[in-house]
Amino acid sequence: MTKKNDTKHAVKHHLHPFSDNGQLKKNGVRMMVKAKGIYVYDSDGTEIIDGMAGLWCVNIGYGRKKLAKIAKKQMEVLPFYNTFFKTSHPAVIKLSEKLIEITPDEFNHVFYTNSGSESIDTMMRMVRHYWASVGQPSKKIIIGRWNGYHGSTIGGASLGGMKSMHQQGDLPIANIVHIEQPWYYGLANDNESEEEFGIRAANWLEEKILSLGADKIAAFVGEPIQGAGGVIIPPASYWPRIEEICRKHNILLVSDEVICGYGRTGKWFGFQTLGFTPDICTTAKGLSSGYLPIGAVLVNDKVTEGLLAGGEFNHGFTYSGHPVAAAVAYENLNILADKNIIEKVYTKTGPYLRKRWQETFSQFKYIADIRTEGLMCGFTLVKNRETREFFEDFGTTGLLCRDIFFKNNLIFRACGDHIVAAPPLIISKKEIDIMLSIAATCMREFEELMDQKLSHNTDNAV
Ligand SMILES: *Cc1c(COP(=O)(O)O)cnc(C)c1O
């Protein structure tokens, strides 16, 4: 097994994603060596609660031997064949049928990818090709949202609304625009109700459409709940109004279900929880619970018809519909369904986590906007909850807090100054209690630290 002092060796040759690799070379990394259920174990044998399900993906939890068995069998029988040239194979057909079974009636087609970013890029090419195929080639602009996350390829990073990502590599590319996110706590006017704010935020889309011209716009894309943006849960009025606007102006509606899909919110898809029906869903992560890389773009009949009229769609990946990944994803969906995992999130663990998350964090003064939906949850670190005053240098305090969680062997994540969690969907009520009792200890430590820092600052000011 790898020893702790080997952790610098780990970064000798490997450039890590979303990391300051210079820092990593100095300080090393934490080495994860095995995992079971909701726990991961590092090279010192420390047991760590994975409150993030890996990267929002290990929905069925770690250590499912059945998936390993199925992967081995598929590798022995047919490790690879492509689906480009008039060919297919049983594993991808089975998975497609399963996906059609769990989606609403008007969804009958799937395009396969290897990741969320590839699903997003596929969707971007697909919606433009769709409009060209039905005789409206001027409809090219795709509208996303500030603080949305849609992956890290040039297309995905452009469509996402992360300014730190746009700063690198000359993004966004042409014909991508953004509207503001539906974050009630951060953006509502004084005395504005959640419902009113939800409508006003959705109307930002209509204003954008009117200013650019609907004849130039291909699609609006949003995560039902923004994940990497900090688990931003829009008011209930938001998505139905967005759908209404898209229908009225003849604009395709895309739900980026890479996090929300496959049970995260207590239904198969986030759009079912948030109350709307999209034309296209981009998915990945929970599709295989992260056991192998695979993504899928789910396409409704209207868009499929247009695409079929357009002849060949010049797009695809060597590993689109990879047999081993498809076989594992199929079994993952069966486990989610047969073991009633999603239903339990809806009826039991989701409501329980909501209650306990509120109870645990409402006692701390530097916390505001405590929120959950299914097994996605978050809160925001603030200097003053009532006046909505944030800490200076948004994100610094979040990392400070996140590191206290890490030190206590609990993985939560900081997205700016939003602290978020999304544990594996198989987490039990007892495990939720254990997780939150550690979290409370961490927040006490954080509160003391901030008390000191802030009083120190006042001393200096005087
Ligand atoms: C993670 C994520 C992506 C990108 O997926 P990758 O597999 O990392 O390429 C896209 N959209 C959303 C909503 C995501 O959370």
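Notes on the structure follow.

Rules of the game
Residues numbered from 1 in each chain as written. Predicted model: local features only at pLDDT ≥ 70, side-chain atom pairs only at ≥ 80, totals over all residues. Heavy atoms only, no water. Helix = DSSP H or I, 4+ residues; strand = E, 2+ residues; numbered from the N terminus. Expected span 1.5 Å × (residues − 1). Buried < 20%, exposed > 50% of the residue type's maximum accessible area, 1.4 Å probe, protein only. Arc of directions from axis to C-beta. Contact = heavy atoms within 4.5 Å. Salt bridge = Lys/Arg side-chain N within 4 Å of Asp/Glu carboxyl O. Polar contact = N/O pair within 3.5 Å; in protein donor to acceptor, adjacent residues only side chain to side chain. Near = heavy atom within 4 Å. Areas by Shrake-Rupley, 256 points an atom, 1.4 Å probe, with all protein chains shown as cover. Nonpolar A, V, L, I, M, F, W, Y, C, P; charged D, E, K, R; others polar. Core = buried A, V, L, I, M, F, W, Y, C linked by side-chain atoms within 4.5 Å. Domains from an automatic or database assignment.

Considerations on helix 3 (residues 65-77)
For helix 3, built from 13 residues, the straight-helix expectation of 18 Å at 1.5 Å per residue is met to within 8% by its first-to-last C-alpha distance of 19 Å. All of the buried residues in helix 3 are Leu-67, Ala-71 and Gln-74. On an axial view of helix 3, the arc spanned by its buried residues comes to 70°, and they lie on one face. Facing away from the buried surface of helix 3 by more than 90 degrees, the exposed residues are Lys-65, Lys-69, Lys-72, Lys-73, Glu-76 and Val-77. On its buried face, helix 3 sits against helix 4 (90-102) and helix 13 (323-338).

Let's talk about the pattern of salt bridges
Using the criterion set out here, one finds 21 salt bridges in the structure. A salt bridge links Asp-433 to Arg-356, with the nearest nitrogen and oxygen atoms 2.9 Å apart. Note that Asp-433 is positioned in helix 16 (residues 429-461) and Arg-356 in helix 14 (residues 341-361), a separation of 77 residues in sequence. Residue classification places Asp-433 among the partly exposed positions, given a relative accessible area of 27%. When the shortest N-O distance is used, the salt bridge between Arg-371 and Asp-369 registers 3.0 Å. Residues participating in the shared-partner salt-bridge network are Glu-206, Arg-241, Glu-244 and Lys-248.

Focus: the side chain of Asn-300
Topologically, Asn-300 is positioned in strand 10 (residues 295-300). Of the polar contacts made by the side chain of Asn-300, one reaches the backbone nitrogen of Val-303; its length is 2.9 Å. If we skip the residues at most four places from it in the chain, Asn-300 touches Glu-106, Phe-107, Pro-278 and Asp-279.

Examining the site of the ligand
Around the ligand sit Ser-115, Gly-116, Ser-117, Tyr-149, His-150, Gly-151, Glu-223, Asp-256, Val-258, Ile-259 and Lys-285, and that is every residue in its neighbourhood. One of the side-chain N or O atoms of Ser-117 is found 2.6 Å from an oxygen atom in the ligand. Asp-256 places a polar side-chain atom, nitrogen or oxygen, 2.7 Å from a nitrogen atom of the ligand. Relative to its free-state accessible area of 380 Å², the ligand is covered by the protein chains to the extent of 84%. Across the shell around the ligand, the residue classes break down as three nonpolar, five polar and three charged.

Regarding the nonpolar core
Ranked by internal contacts, the top residues of the largest apolar core, which has 106 residues, are Leu-99, Phe-220, Tyr-262, Trp-357, Phe-361, Phe-412 and Met-443. Residue contributions to this core reach at least three from each of two domains, namely domain 1 (31-60 + 340-461) and domain 2 (66-338). Grouped together as the second largest cluster of nonpolar side chains are 22 residues, Met-126, Leu-159, Val-297 and Val-299 included.

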